[in-house]
Amino acid sequence: MLTTLLLLSLSLPTLWAQVVIRCTYKSLCQQALLSGNDIVLHCDHPEAVWYFSSILEEEPLLVSSLPNIKKLPGGSLQLMNPQPSQTGLYHCQDSDGARVVEYELDFQDVTTLHITHKALAKEPLQNETLRLDSSVLIFTYWEPWQDCNRCGEPGERKRLGYCYIEEPPEKPMPCWLYLGVEKVRHSRLRPELQVEACLVPCDHFKEINQPYFAFDIYHLGKLTDNMWLTCPLASIYRPVIWEANDTPVTWQGQLSGQDVSTVLDPSDGGRRLQVFRAAVYRCFVQQELVARFNPRPNPDMLEILQREEAGQGQEVGRARKGWADSVLQGLELMLLVGPVVLGLLWVLLKLFCLLWSDRSKRTLLVK
């Protein structure tokens, strides 16, 4: 029962952490996004049929033939770890073949992400001219700043910028939707992420004493000297912050080279954190505690140390201590179930808030 419950608790956030992209009924919406970051395309039709037309392919494909795409109950489409090669048109139609909604998406390569911090010397990319059949302008289209990742104390906020090309008098387009099958290599054809310091007051009316996920992490050094921690419900499209022993992990510390004890993963906006030492790690999404990672000694290593320190004449004492340790570990597991169950209930409550917040903040270009 415990194993099933833990597996369920780990699988639920993977869907609800994703941003839902919406478009008005029977419209075509154009959007630039980042590869490697899961999203959901909204289509409000229970018998929806989805087709995908790549910029490299002429014939549309049923999305059921694509391994990292799944149709959800209700008609929406889940894209897991989308790749730049999946840039193209996503067409949702009803059972009679009539269009419900269409999305023209440019999944820009997150591995080329240009990251800057306003407090440091590195600058965002400048506009450049690209010579094709005619001269076109390459620039960054910036999304609005996300909320500050902390309140009441200094924090950081980030915004995403996408590569766009403008060829007057036409409207600007995401770079790879504009280029299509044309193969162009240019260092300016890349997305951006910009970070700045922020300080905002806490809204106590919105504070909830909600439960959170609790995980055990074992002693570093037995098999590896580092590990990756993943924050449930976090996304590159949402504000997230990590703390190590109550000390915030910042982009400024990482980009300046001052903090070498942790590494925020730029490709997912800090959803994953690489750690090199034992500590209590906590992650917050939209200023709310989501998960805590507790250091635990590796049971195998602890047993070896106990045998080395104890003599051959203390076998009975060790056996009793091992029995006591087993009881304590059993109690820890029982205590772990409570936060997980409450965490599941919290996820159900937060789902509606997160989806509503994304719905109100996402902006699409409608043709």
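Quick note: structure is the one above.
Residues numbered from 1 in each chain as written. Predicted model: local features only at pLDDT ≥ 70, side-chain atom pairs only at ≥ 80, totals over all residues. Heavy atoms only, no water.

Strand order in this open sheet of 4 strands is E1-E3-E7-E6, and the pairing throughout is mixed. With one partner strand each, in any of the chains shown, strand E1 (19-21) and strand E6 (69-71) form the two edges of the open sheet. When strand polarity is set aside, the average angle formed by the axes of neighbouring strands in this sheet is 25 degrees. Where strand E3 (residues 39-41) and strand E7 (residues 77-79) come together, 3 bridges link them in antiparallel fashion. (Pairing = 2+ DSSP bridges. Helix = DSSP H or I, 4+ residues; strand = E, 2+ residues; numbered from the N terminus. Axes fitted to C-alpha atoms, helices over the stretch in contact; angles between N-to-C directions.)

Before going further, it helps to examine the side chain of Arg-150. With respect to the secondary-structure elements, Arg-150 resides in the loop between strand E12 (135-142) and strand E13 (155-166). What makes Arg-150 buried here is its relative accessible area of 12%. Within the structure, the side chain of Arg-150 is placed 3.2 Å from the side chain of Glu-153, a separation counted as a polar contact. Once residues within four sequence positions are removed from consideration, Arg-150 is found in contact with Gly-155, Val-200, Ile-241, Glu-243, Pro-248 and Gln-287. (Buried < 20%, exposed > 50% of the residue type's maximum accessible area, 1.4 Å probe, protein only. Polar contact = N/O pair within 3.5 Å; in protein donor to acceptor, adjacent residues only side chain to side chain. Contact = heavy atoms within 4.5 Å.)

Before going further, it helps to examine the sheet that holds strand E20 (residues 262-264). Read across the sheet, 3 strands follow the order E17-E21-E20 without closing on themselves; strand pairing throughout is antiparallel. The open sheet has two edge strands, strand E17 (227-230) and E20, and neither has a second partner. For this sheet, the mean inter-axis angle between neighbouring strands, taken without regard to orientation, is 25 degrees.

Bringing the state of the cysteines into the picture now. Applying the stated criterion across every chain yields a total of 6 disulfides. Paired through a disulfide, Cys-23 and Cys-29 show a sulfur-sulfur distance of 1.9 Å. Looking along the S-S bond of the Cys-23-Cys-29 disulfide, the torsion reads about 80 degrees, which is the right-handed sense. Accessibility classification places Cys-23 together with Cys-29 in one group, the buried group. Here the cysteine-cysteine linkages of the chain are recorded as 1-2, 3-4, 5-9, 6-10, 7-8, 11-12, numbering only bonded cysteines and doing so in sequence order. (Disulfide = S-S within 2.5 Å.)

The next thing to look at is the side chain of Asp-94. Relative to the assigned elements, Asp-94 resides in the loop between strand E8 (88-93) and strand E9 (99-108). Here Asp-94 is buried and forms no salt bridge, its nearest opposite-charge partner Lys-26 lying at an N-O distance of 5.7 Å. There is a polar contact of 2.9 Å between the side chain of Asp-94 and the backbone nitrogen of Asp-96. One polar contact links the side chain of Asp-94 to the main-chain amide nitrogen of Ala-98, over a distance of 2.9 Å. In contact with Asp-94, other than residues within four places in its own chain, are His-45, Glu-47 and Val-100. (Lys, Arg positive; Asp, Glu negative; His and termini not counted. Salt bridge = Lys/Arg side-chain N within 4 Å of Asp/Glu carboxyl O.)

Our focus in this paragraph is the pairing of E8. In terms of residue burial, E8 counts as a mostly covered element, since 5 of its 6 residues are buried. Where strand E4 (residues 49-54) meets E8, 6 bridges bridge the pair, whose relative direction is antiparallel. Each residue of the ladder has a partner; that of Ser-53, found in E8, is Leu-89. Where E8 and E9 come together, 6 bridges link them in antiparallel fashion. Within the sheet, the bridge partner assigned to Gly-88 lies in E9 and is Leu-105. Where E8 hands over to E9, the hairpin turn is made up of 5 residues, of which Gly-97 adopts a positive phi near 90 degrees.

Two aromatic rings, taken as a pair, are described by how far apart their centres are and by the angle between their planes. Within the structure shown, the criterion is met by 5 aromatic pairs. Between Phe-52 and Tyr-90 the ring centres are 4.6 Å apart and the planes differ by 35 degrees, which places this aromatic pair in the tilted class. A residue pair is termed long-range when its members are at least 10 positions apart, and Phe-52 in strand E4 and Tyr-90 in strand E8 qualify at 38 residues. Judged by relative accessible area, Tyr-90 falls into the buried class, the value being 0%. Relative to Tyr-164, the ring of Tyr-141 has its centre 5.2 Å away and its plane inclined at 45 degrees; by these criteria the two rings are tilted. Of the two residues, Tyr-141 sits in strand E12 while Tyr-164 sits in strand E13, which places them 23 residues apart along the sequence. Grouping aromatic residues by their ring pairs yields a cluster made of Phe-139, Tyr-141 and Tyr-164. (Phe/Tyr/Trp six-rings, centres within 6.5 Å; stacked < 30°, edge-to-face > 60°.)

By the alternation rule, side chains of strand E10 (residues 114-117) split into His-114 and Thr-116 and Ile-115 and His-117, which are all buried. Relative to strand E15 (residues 192-198), E10 runs parallel, the two being bridged by 4 bridges. Among the inter-strand pairings, Thr-116 is bridged to a residue of E15, identified as Gln-194.

This part takes up unusual backbone geometry. The amide bond that connects Pro-168 to the next residue, Pro-169, takes the cis arrangement and shows omega of 5 degrees. Locating Pro-169 in the fold gives a position in the loop between E13 and strand E14 (173-174). One non-glycine residue, Asn-81, adopts positive backbone phi at about 50 degrees. Within the secondary structure, Asn-81 sits in the loop between E7 and E8. Under the relative-accessibility criterion, Asn-81 is labelled partly exposed at 42%. Residue Asn-245 is not a glycine yet carries a positive backbone phi of 50 degrees. As for its position among the elements, Asn-245 is in the loop between strand E18 (240-244) and strand E19 (247-249). Judged by relative accessible area, which is 42%, Asn-245 ranks as partly exposed.

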